[in-house]
Amino acid sequence: MNARSVLALLLVSLIALGGCGGETMMSEKGFRLPDGDAEAGREAFLYMQCNQCHTIKGEQLPGIPGLASPYVELGGSVTQVRTYGQLITSIINPSHKLATGYAKEVVSEDGESGMYIYNEYMTIQELVDLVMYLQPYYKVVAPDFQYRMYPG
Ligand code: HEC
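Residues numbered from 1 in each chain as written. Predicted model: local features only at pLDDT ≥ 70, side-chain atom pairs only at ≥ 80, totals over all residues. Heavy atoms only, no water.

Draft legend 1. Inspection of the site of the ligand at higher detail. The local shell around the ligand holds 22 residues, among which Cys50, Cys53, His54, Ala99 and Met115 are the closest. Within the contact set of the ligand, a nitrogen atom lies 2.8 Å away from a side-chain nitrogen or oxygen of His54. Ser113 places a side-chain nitrogen or oxygen 2.6 Å from an oxygen atom of the ligand. Those elements that provide at least two residues to the shell around the ligand are strand E2 (72–74) and helix H3 (84–92). Looking at the shell around the ligand, the element that brings in the most residues is H3, giving three residues. Here the shell around the ligand is composed, by residue class, of 15 nonpolar, five polar and two charged. (Near = heavy atom within 4 Å. Polar contact = N/O pair within 3.5 Å; in protein donor to acceptor, adjacent residues only side chain to side chain. Helix = DSSP H or I, 4+ residues; strand = E, 2+ residues; numbered from the N terminus. Nonpolar A, V, L, I, M, F, W, Y, C, P; charged D, E, K, R; others polar.)

Below, the structure is given as structure tokens:
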């Protein structure tokens, strides 16, 4: 290996390390909240009036009369895994990634989610209970387009 390729290699590893370092600082690796209680989560869903704007696929929830709402269905078939982390993120940081399948102007304004920010009112216990309650409603299915799938 000549000096030039050693230098190039060094540069590449420096860039790689630099990139990694940045990600590591904000990494969600190792993040895990304790398990919640799904029944308590259902109660929290109702008393926090999440049903003002949400229905849940396969659940009969009382509607809230007289309130206009962007009805966003939770649960149902999704093509990507609705992970624990994604669900938590969509509750405590709703604008991070908006729900798909809705017109942007219906669910957001200037890129901001139309969902209330509950962070100052919701306890961590309520959060873990809500996620425990919601997650089983998501069913992962294979995407419709299969042209990239290999036989077997
Ligand atoms: C004022 C209406 C409103 C209320 C009340 C509300 N949300 Fe939302 N929520 C929305 C809208 C609009 C979206 C779609 C935009 C987005 O992804 O943030 C959404 C998205 C979500 C998503 C992500 C859905 C997806 O498919 O990506 C979850 C999960 C969720 N809300 C949970 C809750 C929970 C739990 C509560 C109660 C603590 C709640 N929401 C209360 C309006 C609301």
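Right, picking up where we left off after that structure.
Draft legend 2. Local environment of the coordination of the iron atom of the ligand. Only His54 (NE2) and Met115 (SD) from the protein coordinate the iron atom of the ligand, and they sit 1.9 to 2.2 Å from it. Angles of 86 to 178 degrees at the metal separate the six donor atoms of the iron atom of the ligand, which places the site in the octahedral class. Of this pair, His54 sits in strand E1 (residues 54–56) while Met115 sits in the loop between strand E5 (112–113) and helix H5 (124–134), placing them 61 residues apart in sequence. With relative accessibility at 26%, the residue Met115 sits in the partly exposed group. (Donors = N, O, S within 2.8 Å, 3.2 Å for Na, K, Ca; no water. Tetrahedral: all angles 85-135°; square planar, octahedral: opposite > 155°, others 65-115°. Buried < 20%, exposed > 50% of the residue type's maximum accessible area, 1.4 Å probe, protein only.)

Draft legend 3. Main features of the pattern of salt bridges. Here the structure, examined in full by the defined rule, presents two salt bridges. In this structure, the salt-bridge partner of Asp35 is Arg32, at a minimum N-O distance of 3.2 Å. Judged on exposure class, the residue Asp35 and its partner Arg32 are both exposed. Of the charged contacts in the structure, one is a salt bridge between Glu59 and Arg42, with a shortest N-O distance of 3.2 Å. One end of the pair, Glu59, is in the loop between E1 and E2; the other, Arg42, is in helix H2 (residues 38–47), with 17 residues separating them in the sequence. Taking relative accessible area as the criterion, Glu59 reaches 16% and is therefore assigned buried. (Salt bridge = Lys/Arg side-chain N within 4 Å of Asp/Glu carboxyl O.)

Draft legend 4. The nonpolar core, seen in detail. Among the nonpolar cores identified, the biggest contains 24 residues, and Phe45 and Leu134 are the most heavily contacted of them. Looking at this core, the elements that each hand over two or more residues are H2, E2, H3 and H5. If you tally residues by element for this core, the top one is H5, at six residues. (Core = buried A, V, L, I, M, F, W, Y, C linked by side-chain atoms within 4.5 Å.)

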